[in-house]
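Coordinates in review
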Amino acid sequence: MEHTSTLERVLRAIAITLVILFFIFPIFWIVLMSFQTNETILRVPPSIVFEPTLQNYQALITGELDTAAGKLEFDFMSNLFNSFYLSTASVALGLILGIPAAYAFGRLKFRGSEDIAFTLLSFRFAPPLLVLLPLTIYFQKLGLADTYFGLIWVYQLIVLPLILWIVRGYFEDIPADIEYAYRIAGHGFWATFFKIALPLAMPGIAAAGLLAFIFAWNNFIFALVLASADKQPVTVGALAFVTASGIQYGQIAAGIVLSILPTLGLALYAQRYLVEGLSLGAVKG
Amino acid sequence: MTDKYLRLENVDKFYGPIDLGVHAVRNVSMDVAKGEIIALLGSSGCGKTSTLRMIAGFEATSRGKIHLAGREVQMLPPVKRHVAMAFEGYSLYPTVNVRDNIAFALKAARLPASEVDAKVGEVAEMLEISDILDRSPNSLSGGQQQRASLARALIRSADLFLLDEPMGQLEPQLRTLLRGRIKHFLKERGMTAILVTHDQTEANALADRIAVMEDGMLQQYASPAEIKDRPANLFTGTFVGEPPMNVFPVRVSVEGGKLHMALEGGKELVYAEDAFAPEVRDAIMTRRDIVIGVRPYTVRRDESGVEATVLTNQWLGDQSHIAASFAEATVVLVEHDRADVVVGDRIAIRLDPSDLHIFDPATGMAISHGRGLA
Amino acid sequence: MSIQLTDIVKSFKTDRVLDSLSLGVSRGETLVLFGPSGAGKTVLLRLIAGVIDPDEGRIVINGVDMEGVEPEERGIGMAFQNFALFPHMDAHANIASPLTARRRTRADIEDRVNEVAELLKIRHVLGHKPKELSNGQKQRTALGRALAAEPSILLLDDPLRNVDAKLRFEMRLELPRLLKAQEATVIYVTQDYKEAMALGDRIAVMGAHGIAQVGTPEDIYLTPADTTIARLFGDPAINLLDVVPEQGGGGPEIQLSGARMPLDTAYAGVVGRPCILGIRPETIRFTEAGAPGVIPVEIEAETPLNEKTVTLAATRAGREILISRPAGTPGPDRGTAHIAIDPSGALLFDQATGKRIHPGESA
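Residues numbered from 1 in each chain as written. Chains lettered and ligands numbered in written order. Predicted model: local features only at pLDDT ≥ 70, side-chain atom pairs only at ≥ 80, totals over all residues. Heavy atoms only, no water.

Points about the pattern of salt bridges
Threshold: The working definition used for a salt bridge is a side-chain nitrogen of Lys or Arg within 4 Å of a carboxyl oxygen of Asp or Glu. Numbering of helices and strands starts at the N terminus; helices are DSSP runs of H or I of at least 4 residues and strands are runs of E of at least 2.
Tallying each qualifying case throughout the model produces 49 salt bridges over all chains. Its salt-bridge partner being E320(C), residue R181(B) comes within 2.4 Å of it at the nearest N-O pair. One end of the pair, R181(B), is in helix 5 (residues 172–188); the other, E320(C), is in strand 19 (residues 320–326), on a second chain. D65(C) is the partner of R58(C) in a salt bridge, and the nearest nitrogen-oxygen pair spans 2.9 Å. Each of R300(B), D302(B), R350(B), D352(B) and D355(B) takes part in a single network of salt bridges with overlapping partners.

A word on the nonpolar core
Applicable threshold: The term nonpolar core refers to a set of buried residues drawn from Ala, Val, Leu, Ile, Met, Phe, Trp, Tyr and Cys, joined through side-chain atoms within 4.5 Å. Throughout, exposure labels follow a simple rule: accessible area from a 1.4 Å probe, protein chains only, divided by the maximum for the residue type, with under 20% read as buried, over 50% as exposed, and the rest as partly exposed. Start and end positions for the domains come from either an automated domain assignment or a database one. Any two residues having at least one pair of non-hydrogen atoms within 4.5 Å are treated as being in contact.
Of all hydrophobic cores here, the largest spans 56 residues; its most connected members are F76(A), Y155(A), V167(A), F171(A), F193(A) and F241(A). At 14 residues, the largest contribution of residues to this core is made by helix 7 (residues 148–173) of chain A. Among the domains, domain 1 (6–73) and domain 2 (76–284) of chain A are the pair contributing at least three residues each to this core. Leaving out residues up to four positions away in the same chain, F76(A) has contacts with L60(A), V234(A), F241(A), G255(A) and L258(A). I109(C), A142(C), A198(C) and I203(C) belong to the second-largest nonpolar core, a separate cluster that totals 50 residues.

Quick notes on the environment of L240(C)
Residue and element names in this part refer to chain C. Position of L240 relative to the elements: it lies in strand 11 (residues 239–243). Each C-alpha atom of the pair L240 and L277 lies 5.5 Å from the other, and the pair is 37 residues apart in sequence. What L240 contacts, discounting residues up to four positions off in sequence, is T227, R231, I276, L277, G278 and F349.

A word on the UniProt feature "domain: ABC transmembrane type-1" (unreviewed entry) in chain A
Note the following rule: UniProt positions are given in the numbering used here, feature names are shortened, and annotations may be inferred rather than shown by experiment.
In the numbering used here, UniProt assigns the "domain: ABC transmembrane type-1" (unreviewed entry) feature to residues 80–270 of chain A. In this annotation, residues 80–270 of chain A is assigned 78% helix and 2% strand; the end-to-end C-alpha distance for the span is 22 Å.

Observations regarding empty space enclosed by the protein
What counts, and what does not: Lining residues are defined by having an atom within 4 Å of a point belonging to a cavity or pocket. Those points lie on a 1 Å grid over the protein atoms alone, cavities being sets where a 1.4 Å probe fits but cannot get out and pockets being open sets with protein on both sides within 12 Å along at least five of seven lines. Grid points are joined across faces, edges and corners, and a volume is the space filled by probe spheres set on the points. Residues were grouped as follows: Ala, Val, Leu, Ile, Met, Phe, Trp, Tyr, Cys and Pro as nonpolar; Asp, Glu, Lys and Arg as charged; and all remaining residues, including Gly, as polar.
Tallying each qualifying case throughout the model produces four cavities of 30 Å³ or more. Of the volumes computed, that of the largest cavity is approximately 100 Å³. Forming the walls of the largest cavity are 13 residues, and the residues nearest its centre are A185(A), I76(C), G77(C), M78(C) and R145(C). Elements represented by at least two residues in the lining of the largest cavity include exactly helix 8 (176–184) of chain A together with strand 6 (76–79) and helix 4 (135–147) of chain C. Here the lining of the largest cavity is built from residues that sort into ten nonpolar, one polar and two charged. Its boundaries defined by the atoms lining it, the second largest cavity holds a volume of some 50 Å³. For the lining of the second largest cavity, the residue count by class is three nonpolar, two polar and four charged.

Section: the domain arrangement of chain A
Residues and elements named next belong to chain A. The condition that has to hold: Buried area is understood as the total, over both parts, of accessible area removed when two parts are fitted together, assessed with a 1.4 Å probe. Pairs of N or O atoms are called polar contacts if they sit within 3.5 Å, as long as, within protein, a hydrogen donor faces a hydrogen acceptor (for residues adjacent in sequence, only side-chain-to-side-chain pairs).
Domain annotation of chain A identifies domain 1 (6–73) and domain 2 (76–284). Measuring from the centre of the C-alpha atoms in domain 1 to the corresponding centre in domain 2 gives 30 Å. Of the residues lining the interface, 17 residues belong to domain 1; the matching set on domain 2 comes to 17 residues. In total, about 1,400 Å² of surface goes out of reach between domain 1 and domain 2, with carbon and sulfur atoms giving 76% of it. Our count for the domain 1 to domain 2 interface comes out at zero salt bridges. Linking domain 1 with domain 2 are four residue pairs in polar contact (both at pLDDT 80 or more). Counting only elements with at least two residues in the side of domain 1 that touches domain 2, the list comes to helix 1 (6–34), helix 2 (38–41), helix 3 (55–62) and strand 1 (64–67). Ranked by the residues each element gives to the side of domain 1 that touches domain 2, the list is headed by helix 3, at five residues. A class-by-class count of the residues in the side of domain 1 that touches domain 2 yields twelve nonpolar, five polar and no charged.

Here you go:
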């Protein structure tokens, strides 16, 4: 009854391998590309046999590239720094704003709380471009365009709803009696928030923070429109490789690899939190 | 064959590979006669539910044989074993009303509608659910759902009825009455039933014989009276019976033709040497250190006894439960009238030799009960 | 009065859980709130603790009106049904939490935690997190936390609900001593009538419409206000039979299964009135045929119950009667038997309202 046949096991293994190949292949191919010159990348038919070169990475780090059309200058390392700065600051601000709000929505159940929470979530439904057009004008008038502050502010559109909805689920999952018990023991509202609610929701907060970081890191359109060269993150910076004389596939691939690495590292480090946080968010949200 | 209607022969259950996985049921053998009601009793994780599920066929039997009504069934799928089962978690079909839930198996067997109605009516009346037959399962309380689930199992015709924690959710005021009715119902129809329960009260009330399980092993398989009067070991002795059996470690010596049992804290129980049968006395004397057990309702208050101080006296309407500090421990007495002692009173406790259960402190196995060897 | 509740109203959305409830608890008293789930027992405790607020009514604790007083300022100890231990703190920190809130010195806290742990026999697990504790230890830790700061008011919300039968029994015997030693005013919530009778100086029985009866365990068991309360106390539950008392030779009497049972003459007023006769199973004896007032019954099943033997029998008219006797005493276990009912323990209730008829009451 609960035994599985050998055939079943083999079929299952094949199916799993296919699925893994399907998801891993693009990443695998990009990693390969990042070690090739444009010429080997573009040969027909493509092959996975080639002479590996670090030239793409070298170019990214030094910021200079010799192409057929001449010397190309760009500043990938400062893009990487921008990505770090923007994502970290956005998530930090998102957590500071989002956690108390999530607690309020999850626990206090004031009048209209459901509507407000839903409205906040609905920011995620709107196509970013729709928001961007009017925003650009306002930002220019207010002098916020092309500032870190302005970008971080706009990034809250990505970060805040995510943090709010995941963390709120965690707060709701803490039995109210535990908080009541702490109050009755003689501790005030804020002490209860910091000593009970916050530590118990920590896995959710960590998961939400990580997800928000990844979403912020991968954002393209906000920075494309609102930031100039010296403030743009890697996602936008990679555009520099689309040049008049052709597309620098090797550099793009290396750029992608470099920009994936931090988020991948973070995700692996906190995999447990992530999966837990995602599934909980799914159930609760 | 009727006294071996259901037979388990050296049944083992492993979760995981045989001999390597978790050994949930260990070499259990038992016979059930046709028309008998058996309770599998134990705390959670003792293997009782695994045993039931192996009998039902929901769980593969890792080793051993199961015979039912003259057939070897351990390899058969559940549907071919011809057993009916009521589940702990109610498991009513949520889309149809209570009546159709109960009648499900009968309708599937294409019984005439009038017969189905009559049977449903009868069992519904017994379980006090006549007034909720047309309701949907979701609108019922836990107790009502459980009664509906019981009705659905009991109405079937089957070789064997398996009831998994059938009354855990029942309303307390109904429990005793329904136990009486269900027992009457099963007996009147000569139905063979096995129920799994962690509640020794329920096992005692319903079962002809109780199989006490712990650590996957069958500890004792006997009638409620036998288990009460002659528990096989300390586990059974203290697990079955409410209030639980009083247990004290003692050291035995003979002085001046009297048998002294020294309790902790310097007090002694003194018995005439002939108070115990010679073979019991020998068994005690060869060990010196023994554990005595005494049921709360056999503890007597008597001037000549050992002194104790009343800690609480709780009147429950038809019984008084008294706890007294006694030999560095607490002794519990049950009296069927309202006891007049109050907290702090000095009372004297007498433990009659005929009421003593004596256990080996190392193995926990019973040495003797009253005057006879175990 | 240590706690005085006046006209408390509390609704959740459209569901009015407490409707104009008033209740007083004296200093040092243990009051048991008893009733089925959904009767509002837990809500009442939470109102007193201050974690939720009443819609209407006044809560006065030790002479102080509690309106606007936060839970942490009320000086109450509370134990929860699900324990509600702080999962990220060890047992020691859990028990110490009321003491740290009161800014006791470290040495003071250490002493008191050890004292409480000693009393509850959990010193050896003080360093364990809640998930490493057994259910019994969790329950004791929760109790320890409630007792730690020696509050003058203790609220215990069905603290024995989630522990096994054996432990529940032990704690039932142990709790009165613990509570009396605290000299606190206690409100104890339970659904178990034995706990209610064993622990309560008084019992407040809660029904669907607020408090149905308040009284000592004797009051409630021997003179329940109505059939619902009568059925809630006692296991096996009281036998309730529809009867119409008649005028007999020596006074009012009841026809049961062809036999006549005389009633106390004080019940003269109920002749001809449809009543419910309430007979506790332990007041029925098996006896020989032939004696006056003896009722023949058919035995259906015998079920042992905690040092008692309970017999389910049916009268000639098919009415079920439960009879209980001490285990080990002789009694028939099948066939026809005869029973005698002690009329002095019989209760009469009005058939229409279910309310108990007092002796001397007229129709």
